[in-house]
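# Structural overview for review
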Amino acid sequence: MPMRRREFLHLACSAALAAPTMAQAAPAAAAVGKGSLQLWAGDPRQHGHVDGAGSQARFFDPRGLCTDPRSGDVLVADAANAMVRSITPAGVVSSVAGVAELRKTVEGPVAKAGFVGPDALTVGPDGTLYVSDSYANTLRVVRDGQVTLLAGADQLPGYADGPGPQARFNHPVGITFDTHRGVLLVADSYNHTIRLVGREGHVGTLAGTPGISAHRDGPVSQALFNTPVGIAVAADGSVYVSEYYNHDVRRIDPHGMVSTVAGVPGKPGDVDGPARRALLRRPQQICFDAAGALYIADSGNLKLRRLGRDGVLRSVAGRADGQMAQPGPLPASLGSPYGVAPGPAGSIAVSSGEAVLLVRLA
């Protein structure tokens, strides 16, 4: 299983943030501002499985991140370790669920349960942890010290709506709990669809057509996507989706209309500015900060980008020539970012290499 792929979809397929419109913006976009990139946990160059503080900890291909609103901890889908880990605001890493490098589906107590290749995770309003076990094509639940199946069938890709065990996914990636709808939202990447999952595991389709990879805005019943990978919900209930091969970010508004909010569909590049004219390259995970700005792990450009409420896309951290994460004053060097989540004290946590870093804006 190719667990070491930094841009996991590269070879796998061939084929106004709180308001409906973006504001007018200046022709050029200045950098977001001063700040720093700091190592939070792990070592960008060394993999392994070690719990502990800061640089003493070790990850093995950390990917999706999410913040636990109850504790402020950031949870990590530690993909090649096939585990879920957590990082406290002080940078102390511990194991939450799974057996290191087992890479096998096992239900049961968290210390003995197994994942195949978790890619993303989210915490529901009742504290339930949901995990997108992408390489198993399943969604898992961590609750009351137990890991159980929510939906999908172990390592059986496909497409089917219906009750949890009967439903099928094809490499589900981004996952988030939509408190407005009371459902789990999933970026079902190889099916090119956005799926929704009820509390008991019943699966439906919100947008996209399985098997068709393209770009079309409009009503959810007609819209088309190309390899959606990141997903986040804005304060107004709008759903934002990053598309790996469309090189853009889409918005599904509360009325079910899909629009493109950042990037030029099918045109990769590295350009800041008004969001609809700016360019992205193979974006991965996305998240909102407390102010309603959207952060994008722009993996192909080796940058963290920020889409503000003014409708302007700006580079926050990283350089196009920065192949390895190197902390320091911004823009610093970020390597190829993957997961993003709100971090402690207003920072943004980013997974890159074998580490999780913090972007702090001055």
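In this convention, every chain numbers its residues from 1, walking through the sequence in written order. The predicted nature of this model means local features are confined to residues of pLDDT at least 70 and side-chain atom pairs, given and counted, to a pLDDT of 80 or more, with totals for whole chains, interfaces and linings taken over all residues. Think of the side-chain values as coming from all heavy atoms in the structure, minus any hydrogens and water.

### Notes on the pairing of strand β23 (residues 294–298)
Selection criterion: Here's how the labels work: a residue is buried when its accessible area is under 20% of the maximum for its type, exposed when over 50%, partly exposed in between, all with a 1.4 Å probe on protein chains only. Helix and strand assignments follow DSSP, with helices taken as H or I runs no shorter than four residues and strands as E runs no shorter than two, numbered in order from the N terminus. Two strands make a pair as long as DSSP finds a minimum of two bridges between them.
With respect to burial, β23 is a largely interior element, 5 of its 5 residues being buried. Burial along β23 is two-sided: the face carrying Leu294, Ile296 and Asp298 and the face carrying Tyr295 and Ala297 are both buried. Counting the residues between successive antiparallel strands, the hairpin from strand β22 (residues 283–288) to β23 contains 5 residues, one of them, Gly292, with a positive phi of roughly 90 degrees. As defined by bridge partners, β23 adjoins strand β24 (residues 303–307) across 5 bridges and the pair is classed as antiparallel. Of the residues in β24, the one forming a bridge with Leu294 is Leu307. Between the antiparallel neighbours β23 and β24 lie 4 residues, among them Leu302 with a positive phi of about 60 degrees.

### Some remarks on the sheet that holds strand β14 (residues 193–197)
To keep it simple, the criterion reads: Helix axes are fitted only over the stretch in contact, all axes being lines through C-alpha atoms; the angle between N-to-C directions runs from 0 to 180 degrees.
Across the sheet, 4 strands lie side by side as β12-β13-β14-β15; this open sheet has antiparallel pairing. For this open sheet the edge positions go to β12 (172–178) and β15 (203–207), each flanked by a neighbour on one side alone. Pairs of neighbouring strands in the sheet enclose a mean axial angle of 30 degrees, with direction left out of account.

### Thoughts on the pattern of salt bridges
Stated formally: Only one rule defines a salt bridge in this text: a Lys or Arg side-chain nitrogen within 4 Å of an Asp or Glu carboxyl oxygen.
Using the criterion set out here, one finds 20 salt bridges in the structure. Of the charged contacts in the structure, one is a salt bridge between Arg251 and Asp236, with a shortest N-O distance of 3.2 Å. Here Arg251, found in strand β19 (residues 248–252), pairs with Asp236, found in the loop between β17 (228–233) and β18 (239–243); they are 15 residues apart in sequence, far enough to count as distant. For Arg251, a relative accessible area of 2% corresponds to the buried category. You can call Asp236 partly exposed: its relative accessible area is 28%. A single network of salt bridges, built from pairs that share partners, joins Asp270, Asp272, Asp298, Lys303 and Arg305.

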